[in-house]
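Coordinates in review
The lines below spell out each chain.
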Amino acid sequence: MCLIEGSLFCMLIAIYFYLRLGVDVWPPPGVQLPDVFLPTIALIPLIASCAGSYWASDAAKRGDRNGMILGMTLNLVLAIIFLVFRAFEWKSLNFTWASDAHGSIFWAILFLHTYDVIADLLMTAVLTFAVVTGRAGQKQRIGVHVDSVIWYFLVGIWLPLYVVLYWGPHFAGAPR
Amino acid sequence: MKRAVLGSLAASTAFAQQSALDAAGPNAYRIKLLGAVFLVLLGLIFLIVIALALIPLARRHRGIEQEPLEQRNQPSQLTERKLAGSVGAATVITVLILFGLVIISVVAGKTVSGPSNRANALVIEITGNQWWWAVRYANDDASRIAVTANELHIPVGRPVMIRGTSNDVIHSFWVPSLQGKRDLIPSHVTTDWIQADRPGRFRGQCAEFCGLQHAHMALWVVAEPAEQFEAWLTHQLQAAIPPSEPVKQRGQQVFLNSGCVLCHAIQGTTAAGQVGPDLTHFASRLTIAAGTLANNKGNLAGWIADPQNIKAGTHMATIPVKSEDVQPLLEYMETLQ
Amino acid sequence: MSTLVTSVKAPAIDASQREQLESAWRNKPGIAEWFSVTTHQAIGKRYIVTAFIFLLLGGIEALFMRLQLAAPENTLLGPVRYNQMFTMHGTTMMFLFAVPVMEGMGVYLVPLMLGTRNVAFPRLNAFGYWIYLAGGLLLYGAALTNTLPDAGWFAYPPLSGPNFSPGKGVDVWAQMITFTEISAMCVAVELIVTILRMRAPGMSLNRMPMFCWSMLVQSFMIIFAMPAVMVASTVFLLNDRTIGTHFVNPAEGGDPLLYQHLFWFFGHPEVYIIFLPALGMISSILETHSRRGVFGYPALVLSLVGNGFVAFGLWVHHMFATGLPQIGEAYFTAASMMIAITSGVQIFCWLATLWTGRLQLTAAMHFIFGFIFIFVIGGMTGVMLASIPLDLQVHDTYFVVAHFHYVLIGGALFPLFGAFHYWFPKFTGRMIDEKLGKIAFWILFFGFNLTFFPMHIAGLHGMTRRIYTYAAEMGWGQTNLLATAGAITIAFGGVIFIVNVLRSLSRGARADTNPWEAGTLEWAADSPPANYNFVNLPLITARYPLWTERSERGIVVGMRNDRREVLITTLMDAEPHHRSVLPGSSIWPFLTALGFSIGLVGSVAAFYWYYIASVLGMIGLIGWFWPRQPLDIKP
């Protein structure tokens, strides 16, 4: 699954630059450069949430039920904080996917990543519920471990995406 | 009987009006030659492969060259080594042949993609539309820019650069007798080089699916000697001559007072529509509706009366013309030489 | 959990063992169970039957096209219907027939060939099938409401964009692709894991059947290629059409060529995704009917892998006419010709096998010979097309149509028909009528060449693709008439094949387990196989287990037979690693597929249906993965 999603996101990054190279001014005139502050701050809870995943995964290996619950809860809390930051950032963007090609690719990347994050959060939540209610068998412990790997992937893939989306126009855009 | 068979064979191979095998210019000729080399070489390889496959089939009952397969259904080591040698040799030969083909392709590709001497080139801008071709003879001198549609004239023996783009969807400019095709893509400009080495009329057709009437988007390239071409081009630059006879003047009035002017332009009149083909010298063209109909009065009447019937889905509106206005209109259109 | 693996001389089939296996692997009768089945034989057969129905539909669409083109200025189909017809024909054949049928053959045969009992993820397998079916129903359901796509099977924008293709036809097309790609990715994922971790002990990678190698490479290709087309069709085209994005809209900075790059980045590997399983089938059939192991196993494996890699570096050869920089294009010429090497090596190895084999000319072998003839012609025209100057003349003409039908039908369909005849005894327990099979072959072979060979000539004479009619004076009438006569012949051949299948199903001679005296494992199972495939899982000591002495064959002991247990082995050498319990029947794959399908179908109308799909799908997935007793597996 990581292979599939990974190649998908790599393709989207390539597409971002393909579209960029097709025009002179990027983002197109009239569009405010995406604000760098909020997404940068948002990185903190995002990366910190990996600690929760690691804790849960490690606990899963040891069969430590409480560790799993605490680790996953930590992960969930920090991830939700991250999403809150992201929600504010979405509101502040002054272009939509229908504005122009830049808007389209920007929103596509942001939307797909956010969707994956929310999906994984839901999965983590369900797993937490399962463990809390005493249903933590071998398969569920493997599930906790897999869940954390997916989370590392989503955080890890976000880093290059973040650089491309928010710093890209500063390095690769035309002088403004 | 024999003559009938040969005759029909010749007729069927006399093909068409647009055959890549009927090369009339240096590019098409080179491509044809390249194709012949490929065909002979690859055809030979094919025959060898088939023979190698059929021979074991033929001798399967005779048991020749078949050693008893051991318990484990495997021939001897010696046989396997011999086979390995053959397969290896065949692979090496394949690589070499393909390598050679790559090289001659790249060389030929460079040659046909542009003439060595571009100084003398004529530049024609082609814009694809659903389902017709806008033609513009480029020139630094604005007074020498000629505009027409669906038909190009080019001088024999001179390289012509086609600069192409599209106003709507992707089309493709292709005149098989002269050159390979080049796509016309909106928001891109593509270039292609054509050249005719003998006078004649060469048909082309849109070669990228572009919608309902992709099948009826053809064009004609008329190659003529240099002086004739210059005369033609000069004539194209002139505005339409105002008609002198009353019937034809009436026809002009019908045209100018109808919806035709919303899409079509006729230089020298008030008609300046840019949506459809320029009609200034319409009557001098070979065909109507991008190669769909021969250009004569009867066809023109049918086309104007009901374009959807001839080219279903065409963007040309059906402009109602009163029956008493039809003849004068046709007569007027005929004056647009 | 330890397993004793020993060599047992002449193992007797323990009746109670068989009973336990029957009970554990049983699919109960009844409708609810039919929707819950997770055994790979059943799902494989469903893929194959469904795909075959789509083959017939695609064939009917082709017949309509050929009837329209048989004469100049024909009026059977107008431009609207004709454009829909060729779009549906291409789309059905490529997305709803060719890939799924190969997946189905893989799903059925791979566990049998590997000596295991099911694929790695049985519920994912079921889910993949339902999603595929949903995609096909979407497209043909839309056909019933006259909402047909008409922009071609690759739907280039701007023609396929909102401005030039209004209405929902192209939206349906774009979303159908999502279904078929998800389905293919499910099968790819499970086959990779099955092939890499569930081989019988002792079946090191170099003892694995060629068909499994081809499915392995093909599955990796699917994983890397399919996302590209999902991006192109769903993210780009569908959103440009429905929510106003501008990925491929030139007016606002988008680029139609971007779509082409993405589509062909998928599209070229796609044809190899279809072709590679066929190559595996050829090896299987050829070696059995030559009564020797196929020559050059390492070379064949390397060629398959090479094919898989190089296929990703060719896509621009579909775009030579778009005016891309020449230097770049020259690279793609070289790559496109070089892939002939990987195919060529395989053909040489097969010729070597034929040369030193003891040939049995069964109906299946007829199709193999047919493959050689037709595919090599297709390969030759492919080398011609790789040459840019030649391509620029014949691109988008009937020459290309001839080429790809030669390579696809010759390279994939003929081997597939050979496979149907070859594995028919295994799938159904009956022998297929050899005589009728050979008759069907000759009619198909003759009909195919009659249809498609003249198209090379029509293309050289200027006949472009996707034209609903042509003028009489173009001179294309005769070649088109011949092609139509050929198409009707093909249809006739197809009918004979179907008659043969139906007759043989009811009246064919009963087949024993190994009628062809083949060497690979699937021929050790019953004909047809029980749900558990083998009473005893085999121990492998050679590449052709059934060509080894009986006394040297071993079995695995120590497995539990009262539950769906399989043996997981190591990657390279297939040493036993641990035992795993596979899930039984479950309704959740169906329900999850239903949930996603409802949403994805709705998304053709409005974007918010994606959210509905997500919610419904999530509910399905929660049910699917909900912890069930026993929570821990006891050894």
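Keep in mind that this is a model prediction, so the values were computed, not measured. (Residues numbered from 1 in each chain as written. Chains lettered and ligands numbered in written order. Predicted model: local features only at pLDDT ≥ 70, side-chain atom pairs only at ≥ 80, totals over all residues. Heavy atoms only, no water.)

1. Quick look at the overall build of chain C
Selection rule: We count a stretch as a helix when DSSP gives it H or I for four or more residues in a row; a strand needs E for two or more, and each element gets its number in order from the N terminus. Between the two quantities, the radius of gyration covers C-alpha atoms and the globule rule is 2.2 Å times the number of residues to the power 0.38. Note on contacts: a residue pair qualifies if any of its non-hydrogen atoms lie within 4.5 Å across the two residues. Here the Shrake-Rupley method, with its probe set to 1.4 Å, supplies the accessible areas, and only the displayed protein chains count as covering residues. Positive charge is attributed to Lys and Arg, negative charge to Asp and Glu, and no charge count is given to His or to the chain ends. The location of each charge is read from NZ of Lys, CZ of Arg, CG of Asp or CD of Glu.
Looking only at helices and strands, one finds 17 helices and five strands in chain C. Taken over the C-alpha trace, chain C has a radius of gyration of 25 Å; the compact-globule value for 635 residues is 26 Å, and the two agree within 12%. Projected onto its principal axes, the C-alpha coordinates of chain C cover approximately 75 × 60 × 50 Å. In chain C, 81% of the contacts between residues at least 6 apart in sequence involve partners at least 24 apart. When the accessible surface of chain C is split by element, carbon and sulfur atoms take 69% of a total near 20100 Å². Distance from the positive charge centre (36 side chains) to the negative charge centre (33 side chains) of chain C: 10 Å.

2. Some points on the overall build of chain B
What counts here: Summary of the burial criterion: residues with accessible area below 20% of their type's maximum are buried, those above 50% are exposed, and those between are partly exposed, where the area comes from a 1.4 Å probe applied to protein chains only.
Broken down by element type, chain B carries eight helices and twelve strands. The C-alpha atoms of chain B give a radius of gyration of 28 Å, which is well past the 20 Å a tight globule of 337 residues would have. With the principal axes as the frame, chain B shows a C-alpha extent of 100 × 45 × 45 Å. Counting across all 337 residues of chain B, residues that qualify as buried make up 49%. Between the centroid of the 27 positive side chains of chain B and the centroid of its 24 negative side chains there is a distance of 9 Å.

3. So, the sheet that holds strand β4 (residues 151-155) of chain B
Sheet strands line up and pair through hydrogen bonds in the backbone, either parallel or antiparallel. All names here are of chain B. To keep things clear, this is the line we draw: If DSSP finds at least two bridges between two strands, the strands pair. Only the stretch in contact is used when fitting a helix axis, every axis being a line fitted to C-alpha atoms; angles between N-to-C directions are given from 0 to 180 degrees.
Read from one edge to the other, the open sheet built from three strands follows the order β4-β10-β9, with strand pairing classed as mixed. Pairing within the sheet leaves two strands with one partner each, and these edge strands are β4 and β9 (200-205). Across the sheet, the mean angle from the axis of one strand to that of its neighbour is 25 degrees, orientation sign disregarded. Judged from the six bridges that link them, β9 and strand β10 (residues 218-224) form a sheet pairing that is antiparallel. Residue pairing for β10: glycine 200 is matched across the bridge by alanine 223.

4. Regarding the packing of helix α4 (residues 79-114) of chain C against helix α6 (residues 169-197) of chain C
Residue and element names in this part refer to chain C. Worth spelling out the cut-off: Here is the rule for angles: anything less than 35 degrees is roughly parallel, anything more than 145 is roughly antiparallel, 65 through 115 is roughly perpendicular, and the remaining ranges are oblique. Two helices that cross are described as forming a left-handed crossing if the nearer one is turned anticlockwise from the farther one by less than a right angle, and a right-handed crossing if clockwise.
Contact geometry for α4 and α6: axes closest at 10 Å, N-to-C directions at 15 degrees. In terms of orientation, α4 and α6 fall into the roughly parallel class. In terms of crossing hand, the pair formed by α4 and α6 is left-handed. Between α4 and α6, the contacting residues are Thr91, Phe95, Leu96, Val99, Glu103, Gly106, Val107, Val110 and Leu114 on the first element and Trp173, Met176, Ile177, Thr180, Glu181, Ala184, Val187, Glu190, Leu191, Thr194 and Ile195 on the second.

5. Things to note about the sheet that holds strand β1 (residues 122-129) of chain B
Residue and element names in this part refer to chain B. Spatially, five strands are ordered β3-β2-β1-β5-β8 in an open sheet, and the strand pairing comes out mixed. Either end of the sheet is taken by a strand with one partner, and the two such strands are β3 (146-149) and β8 (190-194). For this sheet, the mean inter-axis angle between neighbouring strands, taken without regard to orientation, is 25 degrees. Summarising the sheet, strand β5 (residues 160-166) and β8 pair through five bridges and their orientation is antiparallel. Pairing of isoleucine 162 across the sheet is with aspartate 192, part of β8. The sheet strands contacting helix α4 (residues 226-237) are β1, β2 (132-137) and β3, and the helix crosses β3 at an angle near 95 degrees.

6. Observations concerning the packing of aromatic side chains
How two aromatic rings sit relative to each other is given by the distance of their centres and the angle of their planes. All names here are of chain C. Test applied: Two rings from Phe, Tyr or Trp (for Trp, the six-membered ring) form a pair when their centres sit within 6.5 Å of each other. Planes less than 30 degrees apart are called stacked, planes more than 60 degrees apart edge-to-face, and all others tilted. The rule is short: NZ of Lys or CZ of Arg within 6 Å of the ring centre and within 35 degrees of the ring normal puts a charge over the ring.
Counted under the stated rule, the structure contains 80 aromatic pairs over all chains. With 6.5 Å between their ring centres and 45 degrees between their planes, phenylalanine 52 and phenylalanine 417 make a pair best called tilted. In this pair, phenylalanine 52 is assigned in helix α3 (residues 40-69) and phenylalanine 417 in helix α13 (residues 398-428), connecting sequence segments 365 residues apart. As far as burial versus exposure is concerned, phenylalanine 52 and phenylalanine 417 are alike and both buried. The ring centre of phenylalanine 625 lies 6.0 Å from the NZ or CZ of arginine 123, which sits over that ring.

7. Things to note about the interface of chain C and chain A
Reports of interface size often rely on the accessible area that becomes lost once the parts have come together. Basically, it comes down to this: Defined here as a combined quantity, buried area equals the accessible surface (1.4 Å probe) lost by two parts on assembly, summed across both. One side-chain nitrogen of Lys or Arg within 4 Å of one carboxyl oxygen of Asp or Glu is enough to make a salt bridge. Residues were grouped as follows: Ala, Val, Leu, Ile, Met, Phe, Trp, Tyr, Cys and Pro as nonpolar; Asp, Glu, Lys and Arg as charged; and all remaining residues, including Gly, as polar.
Facing the 34 residues of chain C at the interface are 34 residues of chain A. Between chain C and chain A, a total of about 2700 Å² is buried, with carbon and sulfur atoms accounting for 74% of that surface. Linking chain C to chain A there are zero salt bridges. Mapped onto the side of chain C that touches chain A, the elements with two or more residues apiece are α6, α7 (210-242), α8 (256-290) and α17 (609-625) of chain C. Ranked by residue count, the leading element in the side of chain C that touches chain A is α7(C), at seven residues. Looking at the side of chain C that touches chain A residue by residue, the class counts come to 24 nonpolar, seven polar and three charged.

8. Focus: the interface of chain C and chain B
Cut-off, in case you're wondering: For this analysis, a polar contact is any N or O atom pair within 3.5 Å, provided that within protein one partner can donate a hydrogen and the other can accept it, and provided that sequence-adjacent residues contribute only side-chain to side-chain pairs.
Opposite the 85 residues of chain C that make contact, chain B presents 86 residues. A buried area of about 7100 Å², summed over both sides, lies between chain C and chain B, and 68% of it is on carbon and sulfur atoms. For the chain C face of the interface with chain B, the top three residues by lost area are C:Trp355, C:Gln393 and C:His461, together amounting to 11%. Taken together, the connections running from chain C to chain B amount to one salt bridge. In this structure, C:Arg292 and B:Glu80 form a salt bridge, with 2.9 Å as the shortest nitrogen-oxygen distance. Linking chain C with chain B are 18 residue pairs in polar contact (both at pLDDT 80 or more). Only α4, α8, α10 (326-355), α11 (363-386), α12 (388-394) and α14 (434-460) of chain C provide two or more residues apiece to the side of chain C that touches chain B. Considering each element in turn, the side of chain C that touches chain B owes the most residues, 16 residues, to α10(C). The class makeup of the residues in the side of chain C that touches chain B is 50 nonpolar, 23 polar and twelve charged.

9. Observations regarding α4(B)
Residue and element names in this part refer to chain B. Note the threshold: The span you would expect from a helix comes to 1.5 Å times its residue count less one. Within this analysis, the arc is defined by the directions that extend from the helix axis to the C-beta atoms.
Given a rise of 1.5 Å per residue, twelve residues ought to cover 16 Å, and the 17 Å separating the end C-alpha atoms of α4 matches this to within 8%. Listing the buried residues of α4 in full gives Phe229, Trp232, Leu233 and Gln236. The arc enclosing the buried residues of α4, seen along the axis, measures out at 95 degrees, which places them on a common side. Those residues of α4 that are buried are in contact with β1, β2, β3, β4 and β10.

10. With respect to empty space enclosed by the protein
All names here are of chain C. The following threshold applies: Definitions used for this entry: grid spacing 1 Å over protein atoms alone; cavity, a set of points where a 1.4 Å probe fits but cannot get out; pocket, an open set with protein on both sides within 12 Å along at least 5 of 7 lines; lining residue, one with an atom within 4 Å of a point. Grid points are joined across faces, edges and corners, and a volume is the space filled by probe spheres set on the points.
This structure, assessed with the given rule, holds six cavities of 30 Å³ or more. When its volume is computed, the largest cavity comes out at roughly 80 Å³. Phe95, Val99, Pro100, Thr180 and Ala184 are, among the 13 residues lining the largest cavity, the residues nearest its centre. It is α4 that provides the largest number of residues to the lining of the largest cavity, a total of five residues. In terms of residue class, the lining of the largest cavity is built from eight nonpolar, two polar and three charged.

11. Notes on a nonpolar patch on the surface
Residues and elements named next belong to chain C. To keep things clear, this is the line we draw: Each patch groups residues whose relative accessible area exceeds 30% and which form no salt bridge, using 9 Å between like charges and 5 Å between nonpolar side chains of Val, Leu, Ile, Met, Phe, Trp and Tyr.
Residues Ile60, Phe64, Leu67, Leu76 and Ile488 make up a contiguous nonpolar surface patch of about 420 Å² in total accessible area. Ranked by residues supplied to the nonpolar patch, first place goes to α3 with three residues. Note that leucine 76 resides in the loop between α3 and α4.

12. Focus: unusual backbone geometry
Cis geometry is found at the peptide bond from B:Gln130 to B:Trp131, where omega equals -5 degrees. By the secondary structure assignment, B:Trp131 is in the loop between β1 and β2. Between C:Pro157 and the following residue, C:Pro158, the backbone shows a cis peptide bond with an omega angle of 0 degrees. Position of C:Pro158 among the secondary structure elements: in the loop between α5 (122-144) and α6. Backbone geometry at C:Asn146 places phi at a positive 60 degrees, although glycine is not the residue there. The class for C:Asn146 is partly exposed, based on a relative accessible area of 47%.

13. Comments concerning the confidence of the model for chain C
Applicable threshold: Scored from 0 to 100, pLDDT records how confident the predictor is in each individual residue.
Considering every residue of chain C, the mean pLDDT works out to 92; 98% of them sit at 70 or more. Across the whole predicted complex the pTM is 0.92, and at the interface the ipTM reaches 0.91.

14. A word on the domain arrangement of chain B
Residues and elements named next belong to chain B. For the record, the criterion: For the domains described, the bounds stem from an automatic or database domain assignment.
Each assigned domain of chain B is listed with its residue range as follows: domain 1 (26-112), domain 2 (122-236) and domain 3 (246-335). For domain 2 versus domain 3, the distance between C-alpha centres works out to 22 Å. Contacts between the two partners involve 20 residues from domain 2 and, on the opposite side, 18 residues from domain 3. In total, about 1700 Å² of surface goes out of reach between domain 2 and domain 3, with carbon and sulfur atoms giving 55% of it. At the boundary of domain 2 and domain 3, one finds zero salt bridges. For the pair domain 2 and domain 3, the number of links is ten residue pairs in polar contact (both at pLDDT 80 or more). Elements with a minimum of two residues in the side of domain 2 that touches domain 3: β2, β3, β9, β10 and α4. Considered class by class, the residues forming the side of domain 2 that touches domain 3 number ten nonpolar, seven polar and three charged.

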